[in-house]
Amino acid sequence: MTVGTDKRALLEGGMPLILTGQGLRSGASWIGSADVALQDQFLNELDEGELMALPFLFEFWAMPHQLPPEGAWRYWVIMGGRGAGKTRAGAEWVRSMVEGARPLDAGRCRRVALVGETIEQVREVMIFGDSGILACSPADRRPDWEATRKRLVWPNGAVATVHTAHDPEGLRGPQFDGAWVDEYGCAAIDKGTNQPNKFLDLKSSESSLPHHSTGARDDLLQM
């Protein structure tokens, strides 16, 4: 199958702007290494609507480590240094969960948690940052920021609310279909990295220790 037919099969019709088709995964890297004639052919075969959509097709531009793993999974962690594209990957994953085929169509998630160390971090990096949700969203799908309620609301009714490590109790009660947690850490407890989401909490029915942990405090894990 040629690049042209692969592209058209994925872009034509009412397909979502976030695609999971393998045909366009990391396609920019392949096109970038092709000769000028093939690059021109690819671009010339795109109509006006496809050209407008192309900048927002993240699978086409993404590096492989920025794309969600295949198969059945519940947690996905990106570990990388500055400039690895972690924020962009998180923002685009949120888009892929809340957006439908068309701007007003429902996506797979209706309620998303955006979790960071502070409200300012979530707002300035995850939402308003250069690689944040607003910067990655096309105009007809861009959510509105409701500052007083600390949430994003999409045209299709999906909502993402802000939560922070300084107010962990705020995550009790609301029901979420998905969550993006930035700068994910782990409890300062022995073997905490084995299961970062496990820690002792006498108020929770899910209180437990990470695998092989003695329960002893280990402050070095926070450094």
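Each remark here, short or long, concerns the structure printed above.
A few words on the overall build of the chain. Each helix and strand in the chain was counted, giving eight helices and five strands. Listing each helix as α and each strand as β along the chain from the N terminus yields α-α-α-α-α-α-β-α-α-β-β-β-β. Looking at the chain as a whole, 37% of its 223 residues are labelled buried. In the chain, once contacts between residues fewer than 6 apart in sequence are set aside, the share between residues at least 24 apart is 57%. Accessible surface computed for the chain: about 13,200 Å², of which carbon and sulfur atoms make up 54%.

Let us look at the sheet that holds strand E3 (residues 151-153). Pairing within the open sheet is mixed, and its five strands lie in the order E2-E3-E4-E1-E5. A single partner strand is all that each edge strand has here, and the edge strands are strand E2 (144-146) and strand E5 (178-181). Adjacent strand axes in the sheet meet at a mean angle of 20°, parallel and antiparallel pairs treated alike. Strand direction decides the pairing type here: strand E1 (residues 111-116) and E5, joined by four bridges, are parallel. Looking at the pairing, Val 112 lines up with Gly 178 of E5. Lying on the sheet, helix H7 (residues 119-127) is in contact with E1, E2, E3, strand E4 (159-164) and E5; it crosses E1 at an angle near 110°.

One pass over the structure, following the stated rule, counts four aromatic pairs. Among the aromatic residues, those joined into a cluster by ring pairs are Phe 42, Phe 60 and Trp 61.

About the criteria used
- Residues numbered from 1 in each chain as written.
- Predicted model: local features only at pLDDT ≥ 70, side-chain atom pairs only at ≥ 80, totals over all residues.
- Heavy atoms only, no water.
- Helix = DSSP H or I, 4+ residues; strand = E, 2+ residues; numbered from the N terminus.
- Buried < 20%, exposed > 50% of the residue type's maximum accessible area, 1.4 Å probe, protein only.
- Contact = heavy atoms within 4.5 Å.
- Areas by Shrake-Rupley, 256 points an atom, 1.4 Å probe, with all protein chains shown as cover.
- Pairing = 2+ DSSP bridges.
- Axes fitted to C-alpha atoms, helices over the stretch in contact; angles between N-to-C directions.
- Phe/Tyr/Trp six-rings, centres within 6.5 Å; stacked < 30°, edge-to-face > 60°.

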